[in-house]
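Structural features, examined
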Amino acid sequence: MKLQLWRNATLLLNIDGISILVDPMLGEKGSMGKMPMTENELLNPLVDLPFNKEELSNRLKEIDAVAVTHLHPDHWDSEAVRLLDKNIPIICSDVISDHIAAQGFTNIIAVNNKIQWENIEISTTKGRHGTGEIGEKMGIVNGFVFKKDNKSVYIAGDTIWYDEIAAEIDKHQPQHIIVAGGAATFSVGDPIIMTSEDIVKVCEYTPESAVWVTHLEAVSHCREDRKYIKEKIKENRLEKRCFVLDDGEEAELYF
């Protein structure tokens, strides 16, 4: 399997020649505007994709399916809706399938728990997008586990560390875990995705797994950048199995 980070949570996962684009945010730098419930004036996304429009168009033609964890615009933006082939398979939880269908997509694979697709076992996982009132407002989110031939990758999605993440790890035993770092926080409330402390907890809970950190330096409410998280990884002596991806970076997933 291979993994490439495009930007933020947008990933390309290749499983034995099948290419799955995860959480596409495809708009140009600044196209989303200001982040609500924050005090800064920065326009999101903060950076462009690591390739130009022509290259993006060519890459999208090679995609076999799209997986969407939830509908927040830094995971499913208007440009993704515009650019993606309306007949491409869209893998998502049944909670958001009607919304995506209403946007004109005709080949939706709604997952309630687990399905088989192209000889890949795809399971949805639970997540908690923050705590308290903010967490409630952020709505339902999920992650995915992609498994083939006893090789599994767990994309946790936008979630903090809590007991259910540990339960998902126990259930699926993934060799690779992809988490959303950055400690995104609004003007009130606690972080809505993983802090560096959360990332360390993931590593400590599953010492045999490799952990890949994404969701960094692309949206304005994230409080921790790559440099900071790398320092925390080093402090905890996790460099050999916890990795911070750069935009455009490709990685081979070894099992």
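Below or above, wherever it landed, is the structure these notes cover. (Residues numbered from 1 in each chain as written. Predicted model: local features only at pLDDT ≥ 70, side-chain atom pairs only at ≥ 80, totals over all residues. Heavy atoms only, no water.)

1. Let's talk about the sheet that holds strand β2 (residues 10–15)
- Strand order in the open sheet formed by 7 strands is β8-β7-β6-β3-β2-β1-β16, with mixed pairing between adjacent strands. Where the open sheet ends on each side, the last strands, each with one partner, are β8 (108–111) and β16 (250–252). Averaged over all adjacent pairs, the angle separating strand axes in this sheet is 20 degrees, with direction ignored.
- Pairing of strand β3 (residues 18–22) with strand β6 (residues 65–68), which is carried by 3 bridges, proceeds in the parallel orientation. (Pairing = 2+ DSSP bridges. Helix = DSSP H or I, 4+ residues; strand = E, 2+ residues; numbered from the N terminus. Axes fitted to C-alpha atoms, helices over the stretch in contact; angles between N-to-C directions.)

2. Focus: the sheet that holds strand β11 (residues 142–148)
- Sheet architecture is open: 7 strands sit in the order β9-β10-β11-β12-β13-β14-β15, paired in mixed fashion. Every interior strand has two partners, whereas the edge strands, β9 (114–117) and β15 (242–244), have only one. Neighbouring strand axes in the sheet, compared pairwise and without regard to direction, differ in orientation by 20 degrees on average.
- By the bridge criterion, 5 bridges tie β11 to strand β12 (residues 151–157) in an arrangement that is antiparallel. In the sheet register, F144 faces β12, and the bridge partner there is I155.
- The strands that helix α5 (residues 163–172) touches are β10 (120–126), β11, β12 and β13 (176–180); relative to β10, the one it contacts most, it runs at about 160 degrees.
- With respect to the sheet, helix α7 (residues 226–235) is in contact with β14 (210–214) and β15, its orientation differing from that of β15 by roughly 165 degrees. (Contact = heavy atoms within 4.5 Å.)

3. Remarks on the side chain of R241
- Inspection of the secondary structure assignment puts R241 in the loop between α7 and β15.
- Although R241 is buried, it forms no salt bridge, and the closest oppositely charged side chain is E208 at an N-O distance of 7.5 Å.
- There is a polar contact of 3.3 Å between the side chain of R241 and the backbone oxygen of T206.
- Contact partners of R241, with chain neighbours within four places excluded, come to C203, E204, T206, P207, S209, A210 and V211. (Buried < 20%, exposed > 50% of the residue type's maximum accessible area, 1.4 Å probe, protein only. Lys, Arg positive; Asp, Glu negative; His and termini not counted. Salt bridge = Lys/Arg side-chain N within 4 Å of Asp/Glu carboxyl O. Polar contact = N/O pair within 3.5 Å; in protein donor to acceptor, adjacent residues only side chain to side chain.)

4. A word on the pairing of strand β7 (residues 90–93)
- Of the two faces of β7, the one lined by I90 and C92 and the one lined by I91 and S93 are each fully buried.
- Across 3 bridges, β6 lies against β7 in parallel orientation. Paired with V66 across the two strands is I90, which belongs to β7.
- In this view, the connection linking β6 to its parallel neighbour β7 by way of helix α2 (residues 78–83) has right-handed handedness. (Right-handed = clockwise from strand over helix to strand, strands pointing away.)

5. Overview of unusual backbone geometry
- Cis geometry marks the peptide bond from N44 to P45; its omega dihedral reads -10 degrees.
- By secondary structure assignment, the location of P45 is in the loop between β5 (43–44) and α1 (53–61).

6. Thoughts on the environment of C92
- Checked against the element boundaries, C92 lands in strand β7.
- In this structure C92 comes out as buried when scored by relative accessible area, which is 0%.
- Spatially, the C-alpha atoms of C92 and T69 are 6.3 Å apart, while their sequence positions differ by 23 residues.

7. Considerations on the pattern of salt bridges
- This model, assessed by the stated rule, comprises 10 salt bridges.
- Close ionic contact of E41 with K34 constitutes a salt bridge, the shortest N to O distance being 2.5 Å.
- Residue E41 is classed as exposed on the basis of its relative accessible area, which comes to 54%.
- A salt bridge links D247 to R226; the nearest nitrogen and oxygen atoms lie 2.9 Å apart.

8. Describing empty space enclosed by the protein
- Under the defined criterion, the tally for this structure stands at 1 cavity of 30 Å³ or more.
- Taken as a whole, the largest cavity encloses approximately 70 Å³ of empty space.
- For the largest cavity, the full set of lining residues is A9, L11, D23, H75, I155, G157, D158, I178, V179, A180, T214 and H215.
- If you list the elements that add at least two residues to the lining of the largest cavity, you get β12 and β13.
- Residue contributions to the lining of the largest cavity peak at 3 residues, all from β13. (1 Å grid on protein atoms, 1.4 Å probe; cavity = no way out; pocket = protein on both sides within 12 Å on 5 of 7 lines; lining within 4 Å. Points joined across faces, edges and corners; volume = space filled by probe spheres on them.)

9. Overview of the side chain of S196
- As for its position among the elements, S196 is in helix α6 (residues 196–205).
- Taking relative accessible area as the criterion, S196 reaches 6% and is therefore assigned buried.
- In this structure S196 touches E224, Y228 and K232, once residues within four positions along its chain are discounted.

10. A closer look at the nonpolar core
- Ranked by size, the top nonpolar core spans 28 residues in total, and within it I20, I91, W117 and F146 carry the most contacts.
- When sequence neighbours within four positions are dropped, the list of residues in contact with I91 reads A65, V66, A67, V68, I109, V111, W117, I122 and F144. (Core = buried A, V, L, I, M, F, W, Y, C linked by side-chain atoms within 4.5 Å.)

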